[in-house]
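What follows is each chain in one-letter form.
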Amino acid sequence: MPVLEMKDICKSFFGTYANRDVCLEVREGEIHALLGENGAGKTTLMNILYGMYQKDAGSITIDGHEIVFKSPKDAIARQIGMVHQHFTLVPTLTVQQNITLGLRDSGYPFSRERARCEHIDRLSDSYGLKTHSRALVKNLSVGEMQRVEILKLLYRKAKILILDEPTAVLTPQESDHLFAMFKQLKAEGCSIIVITHHIQEVLDHCDRVTVLRDGCSISTVETKGIDAKQLSTMMIGRELVPVARERQNHHMDAPVLELVDFGFKRNGGKVGSVNLSLRQSEILGIAGVDGNGQKELLETLMGLRDHEKGKMVCCQQDISNASTAERRLVGIGYISDDRHRDSLVLDMGIAENLMLRPARSTAATQGHMVNKQCMLEQATRIVKEFSIKSHGLQEPMRFLSGGNQQKLVLAREFIGSPKIIIAFQPTRGLDIGATEFVHNQLLAMRSAGCATLLVSTNLEEILLLSDRIAVIHEGSIMDTIENKAVDITRIGLLMAGVRTEGAAR
Amino acid sequence: MKRRDDEWVSLLIVIGATLLVAFGLIALVGSNLMVAVSSFLRGIFGSSYAMSEVLVRATPLMLAALGVSIGFKTGFTNLGAEGQLYMGAIAITATALVFPGLPPIVMIPLVILVGFAAGGAWALVPGFLKARFSISEVIMTIMLNYVAINLVGILVRTGLKDPAYPYPMSPILPESANFMQLLPPTRIHAGLVMALLMVIAVHLLVFRSRLGFEMRAVGLNGRACHCSGIQVNRATILSAIAGGGLAGLAGVSEIAGLHHRLIEGISPGFGYVAIIVALLGKNHPFGIVFASIGIAALQIGSMAMQRTAGVPTSIASIVMGALILFLVIRDSRQSIAILEGV
Ligand SMILES: Nc1ncnc2c1ncn2[C@@H]1O[C@H](COP(=O)(O)OP(=O)(O)OP(=O)(O)O)[C@@H](O)[C@H]1O
Ligand SMILES: [Mg+2]
């Protein structure tokens with residue numbers, strides 16, 4: 001008997017359907033995957049279940065009782081918990097405070113901090129979550145924040161856990177941990193709904209999968225007896241033809257970007273230092289476990305943090321102390337891993353977000369004025385080229401699905417033929433089709449002479465795209481190797497901080 | 001379409017609720033409702049002079065509210081319009097008294113410029129501190145109001161005092177510094193034209209120019225703008241200067257158009273009411289035109305009500321407060337509705 005049944009759910013925004021007659025049935029003690037392209041309506045469906053949105057039509061039954069949730073509060077009372085695609089933590093509070101936010105336990109209004117902390121630590125130990133209840137959330141890595149979000153659900157004793165793209169921000173090892181934890185929860189009788197774009201995860205770890213396409217549920221199938229190809233066909237409605245990538249080596253010129261003993265401050269008072277050079281028409285992948293200084297390094301490269309020592313030379317120009325705007329004008333594009341914080345103005349439209357670059361590098365600026373027509377034309381072109389789904393160019397970014405927001409960021413950084421692109425998790429939250437598209441775009445930029453610094457915690461992506469691979473560990477580069485018949489174990493060891501003697505070239 | 005209708009209905013509810021508060025208060029002070037209402041309306045529409053007074057009062061409100069709205073649009077919470085207005089007033093008085101011989105063609109642009117500069121400089125202080133050291137502008141701008149108001153108090157007793165009179169006020173300014181009267185015998189003056197021109201200028205700046213785009217974006221997500229290579233500090237400082245400058249012009253307009261000398265209390269809280277006007281006008285320059293006339297009418301009408309029906313003008317302030325409260329409630333409900341997409 002299913003614990004949860006959603007039947008014929010409809011929801012439209014401004015007259016277009018985000019969900020249309022969607023059915024979802026989740027059994028007790030199963031891991032149920034929700035699969036679909038960007039904008040297929042996965043988040044919307046889960047938000048309806050969680051009481052964030054009110055459905056237009058349809059019914060939701062839990063344990064055989066039809067229910068109506070007016071707000072997430074009702075859902076939580078029914079032991080439903082959700083981790084959102086974009087985290088909802090308060091950075092300035094501690095882990096414990098975030099988890100217990102809004103709860104009244106015995107002794108209210110006095111909080112028994114000690115008991116709470118102990119409880120949380122016990123919980124996190126028993127699921128192998130490794131979080132410290134007194135740490136400040138703003139000092140955590142995304143992986144750790146993810147675990148805090150999950151602890152939040154466990155603390156509230158959720159029986160049905162919804163996770164919106166939890167693995168998008170995780171390294172493969174972290175993802176494996178996550179699913180191992182799901183299995184433990186499953187054994188305890190919880191049901192878990194996971195949204196993901198990684199088909200392999202669905203096949204490896206989930207029991208059943210429901211596929212959404214264009215707001216409709218296509219079907220629900222057991223993951224046993226289905227393969228990746230069939231799934232992706234269900235998802236995009238056609239077969240995905242992997243594009244053959246030309247891997248021919250381009251003529252490599254002098255380096256466009258050189259980091260000489262480039263020191264940067266890391267969180268927690270540590271200092272990192274790297275030596276790197278990046279040549280024209282080259283993709284240099286930086287592999288590493290999340291939290292080894294990648295974010296700090298990239299932010300220092302963009303001038304968002306002060307650098308410690310050493311030099312950053314871009315096209316014979318020392319830009320170690322240049323402002324972010326100056327670096328942008330030199331021709332550096334930046335794709336941050338946190339699009340809401342660093343890349344988008346959520347309350348502005350698509351067209352205006354495309355103008356978010358230094359004035360001199362925007363086509364739609366004429367003298368001091370904005371050329372509205374030019375701005376809209378550009379936006380129309382880009383929306384088409386990148387197939388961004390929206391209700392119009394003036395629609396606030398807030399209402400776009402996660403993947404479509406990411407596409408817009410990429411599009412903006414690609415216009416104006418940058419010399420260097422610094423890409424941090426560029427395919428975070430994109431569906432397989434869109435990921436393909438972005439990979440091809442990055443390769444096209446490479447052919448056009450652009451140098452790319454690709455930082456990703458997804459090793460596959462790095463192996464697929466890079467010409468050379470540098471491995472970062474604890475803020476320094478362990479080694480840089482050509483991406484030709486590389487030894488994965490060696491990379492794995494380097495990522496763990498082990499330099500094998502014999503492997504030294 | 002449905003959304004449009006809802007908006008009108010909720011607006012009617014807000015107006016109804018506000019009227020209810022007003023009537024309740026009038027009844028509370030024991031006045032005759034009919035007399036009060038009729039004297040209120042006659043105070044506004046009773047004669048062409050009454051109507052002109054509404055426009056006279058709307059002028060400084062419009063200018064100061066434009067200044068406040070620029071700040072609100074760009075994330076610079078400027079609650080210091082009152083002080084900036086007084087700085088503008090000091091600037092015009094000092095300039096006109098120091099250079100009394102200048103012909104109007106030089107004098108008028110000069111006093112407008114220095115008035116703008118003085119108001120702008122007054123807002124630049126918190127603007128700079130915010131941009132450079134992330135110090136909250138809210139408290140700074142409020143505190144600078146007191147400094148400016150008391151600075152006027154000192155100046156009209158010392159440096160700018162009229163030696164011919166024992167009262168704390170400046171001498172009458174030279175005639176070359178007077179704004180033209182547009183429709184004598186009413187008191188409507190060229191300041192109104194200036195205000196309307198500024199409405200257009202602000203519209204162009206905020207909604208059409210590149211700088212305005214940057215200022216709005218910075219107001220919404222400063223971090224993203226910084227990452228995108230937009231000069232956040234520059235945008236913050238320029239928006240502070242523009243906002244303060246416009247409030248400074250309100251002071252210039254009051255002196256050059258009405259008082260012709262600096263006295264204490266030339267502004268009965270225009271700078272504070274401007275915040276309400278900006279909110280009512282949704283921080284949009286065209287909205288502010290209507291909001292400033294509306295609030296001016298409310299104030300003028302309530303003064304008439306006090307004269308004829310003995311209803312204290314403080315009721316007007318309470319009604320304004322209630323109106324804002326209702327509107328805020330309405331807006332928050334609406335934005336919830338928008339998020340839910342209904
Ligand atoms: N609050 C909203 N207002 C208006 N439109 C919305 C809103 N939320 C979602 N949409 C629209 O509904 C559609 C489905 O969005 P949803 O976020 O559910 O997609 P998704 O399947 O989660 O995609 P992704 O994988 O990119 O996160 C999108 O086209 C989106 O623009
Ligand atoms: Mg989503």
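Residues numbered from 1 in each chain as written. Chains lettered and ligands numbered in written order. Predicted model: local features only at pLDDT ≥ 70, side-chain atom pairs only at ≥ 80, totals over all residues. Heavy atoms only, no water.

## Examining the sheet that holds strand β5 (residues 65-66) of chain A
Residues and elements named next belong to chain A. One open sheet accounts for 4 strands, arranged β2-β1-β4-β5; its pairing is antiparallel. Sheet topology places β2 (16-27) and β5 at the edges, where each strand pairs with a single neighbour. Examined bridge by bridge, strand β1 (residues 2-13) and strand β4 (residues 57-62) share 5 bridges and lie antiparallel to one another. By the bridge assignment, Met6 is partnered in β4 with Ile60. (Pairing = 2+ DSSP bridges. Helix = DSSP H or I, 4+ residues; strand = E, 2+ residues; numbered from the N terminus.)

## Some remarks on the site of ligand 1
All names here are of chain A. Neighbouring ligand 1 are 23 residues, the closest being Gly39, Thr43, Thr44, Ser401 and Gly403. Between ligand 1 and Tyr53 there is a distance of 3.1 Å, counted from a nitrogen atom to a side-chain nitrogen or oxygen. With respect to ligand 1, the side chain of His197 contributes an N or O atom lying 3.1 Å from an oxygen atom. Summarising the interface, the protein chains cover 94% of the accessible area of ligand 1, which totals 640 Å² for the free molecule. The set of elements that each furnish at least two residues to the shell around ligand 1 consists of α1 (42-49) and α14 (402-414). Top element by residues in the shell around ligand 1 is α1. It accounts for 3 residues. Of the residues belonging to the shell around ligand 1, the class tally is 8 nonpolar, 11 polar and 4 charged. (Near = heavy atom within 4 Å. Polar contact = N/O pair within 3.5 Å; in protein donor to acceptor, adjacent residues only side chain to side chain. Areas by Shrake-Rupley, 256 points an atom, 1.4 Å probe, with all protein chains shown as cover. Nonpolar A, V, L, I, M, F, W, Y, C, P; charged D, E, K, R; others polar.)

## Overview of the coordination of the magnesium ion (ligand 2)
All names here are of chain A. Bound to the magnesium ion (ligand 2) on the protein side are Thr43 (OG1) and Gln85 (OE1), at distances that span 1.9 to 2.3 Å. In this pair, Thr43 sits in helix α1 while Gln85 sits in the loop between β6 (80-83) and α3 (95-100), placing the two residues 42 residues apart along the sequence. Owing to a relative accessible area of 25%, Thr43 belongs among the partly exposed residues under this scheme. (Donors = N, O, S within 2.8 Å, 3.2 Å for Na, K, Ca; no water. Buried < 20%, exposed > 50% of the residue type's maximum accessible area, 1.4 Å probe, protein only.)

## With respect to the domain arrangement of chain A
Residue and element names in this part refer to chain A. Entries for chain A in the domain assignment read domain 1 (4-236) and domain 2 (255-495). Computed from C-alpha coordinates alone, the two centres of domain 1 and domain 2 are separated by 29 Å. Between domain 1 and domain 2, the residue contacts involve 24 residues of the former and 20 residues of the latter. Taken together, the two surfaces of domain 1 and domain 2 that pack against each other cover about 1,900 Å², and 54% of this comes from carbon and sulfur. Seen at the junction of domain 1 and domain 2, the total is 1 salt bridge. Taking the shortest distance from any N to any O, the salt bridge between Lys389 and Asp214 comes out at 3.4 Å. On the surface where domain 1 and domain 2 come into contact, there are 8 residue pairs in polar contact (both at pLDDT 80 or more). Partitioning the side of domain 1 that touches domain 2 into residue classes produces 9 nonpolar, 11 polar and 4 charged. (Domains from an automatic or database assignment. Contact = heavy atoms within 4.5 Å. Buried area = accessible area lost by both parts, 1.4 Å probe. Salt bridge = Lys/Arg side-chain N within 4 Å of Asp/Glu carboxyl O.)

## A closer look at the pairing of strand β19 (residues 420-424) of chain A
All names here are of chain A. Buried residues dominate β19, accounting for 5 of its 5 residues. Neither face of β19 is exposed, since Ile420, Ile422 and Phe424 on one face and Ile421 and Ala423 on the opposite face are all buried. Here strand β16 (residues 332-335) pairs with β19 via 4 bridges, running parallel. Following the sheet pairing, Ile335 is matched in β19 by Ala423. With helix α15 (residues 432-447) bridging β19 and the parallel strand β20 (residues 451-455), this β-α-β connection has right-handed handedness. (Right-handed = clockwise from strand over helix to strand, strands pointing away.)

## A word on the packing of aromatic side chains
Residues and elements named next belong to chain A. As enumerated under the stated definition, the model contains 5 aromatic pairs over all chains in all. Centroid distance Phe13 to Tyr53: 5.3 Å. Interplanar angle 75 degrees. Geometry classified as edge-to-face. Note that Phe13 is positioned in strand β1 and Tyr53 in the loop between α1 and β4, a separation of 40 residues in sequence. Tyr53 carries the same exposure label as Phe13, and that label is buried. (Phe/Tyr/Trp six-rings, centres within 6.5 Å; stacked < 30°, edge-to-face > 60°.)

## Brief notes about the pattern of salt bridges
Residue and element names in this part refer to chain B. Going through the model one piece at a time under the given rule, you end up with 32 salt bridges over all chains. A salt bridge links Lys130 to Glu137, with the nearest nitrogen and oxygen atoms 3.2 Å apart. Residue class for Lys130 comes out partly exposed when judged on its relative accessible area of 22%. For Arg157, the salt bridge identified is with Glu264, shortest N-O distance 3.0 Å.

## A few points about the environment of Gly75 of chain B
Residue and element names in this part refer to chain B. Here Gly75 lies in the loop between α3 (48-73) and α4 (81-98). C-alpha separation for the pair Gly75 and Glu137, spaced 62 residues apart in sequence, amounts to 10.0 Å. Apart from residues no more than four positions distant in its own chain, Gly75 is found in contact with Lys130, Glu137 and Gly219.

## Structural notes on unusual backbone geometry
Of the consecutive residues Pro184 of chain B and Pro185 of chain B, the connecting peptide bond is found in the cis state with omega at 10 degrees. Looking at the element boundaries, Pro185 of chain B is found in the loop between α6 (137-155) and α7 (190-208). Of note, Asp8 of chain A is a non-glycine position whose phi angle comes to about 45 degrees, a positive value. Asp8 of chain A gets classed as partly exposed once you look at its relative accessible area, which sits at 39%. Although it is not a glycine, Lys282 of chain B adopts a positive phi angle of roughly 55 degrees. Locating Lys282 of chain B in the fold gives a position in the loop between α11 (270-280) and α12 (285-309). Under the relative-accessibility criterion, Lys282 of chain B is labelled partly exposed at 48%.

## Focus: the environment of Ala187 of chain A
Assignment of secondary structure puts Ala187 of chain A in helix α6 (residues 172-187). Separated by 158 residues in sequence, Ala187 of chain A and Gly29 of chain A have C-alpha atoms that sit 6.6 Å apart.

## What about helix α17 (residues 488-495) of chain A?
Residues and elements named next belong to chain A. All of the buried residues along α17 are Arg490, Ile491, Leu494 and Met495. Looking straight down α17, one finds that the buried residues subtend no more than 140 degrees of arc, so they occupy a single side. Among the residues trailing α17, Gly497 stands out with phi positive, at a value near 95 degrees. (Arc of directions from axis to C-beta.)

## Concerning the sheet that holds strand β10 (residues 216-222) of chain A
The strands making up a sheet associate through backbone hydrogen bonding, with each pair oriented either parallel or antiparallel. Residue and element names in this part refer to chain A. The strand order across the open sheet formed by 6 strands is β6-β7-β8-β3-β9-β10, and the pairing between neighbours is mixed. Strands with a single pairing partner mark the edges of an open sheet, and in this sheet they are β6 and β10. Strand-to-strand, the axes of this sheet are offset by a mean angle of 15 degrees, without reference to chain direction. Judged from the 5 bridges that link them, strand β7 (residues 160-164) and strand β8 (residues 191-195) form a sheet pairing that is parallel. Note that in β8 the partner of Ile162 across the bridge is Ile193. In the packing of helix α5 (residues 142-155) onto the sheet, contacts are made with β6 and β7, and the angle to β6 comes to roughly 170 degrees. (Axes fitted to C-alpha atoms, helices over the stretch in contact; angles between N-to-C directions.)

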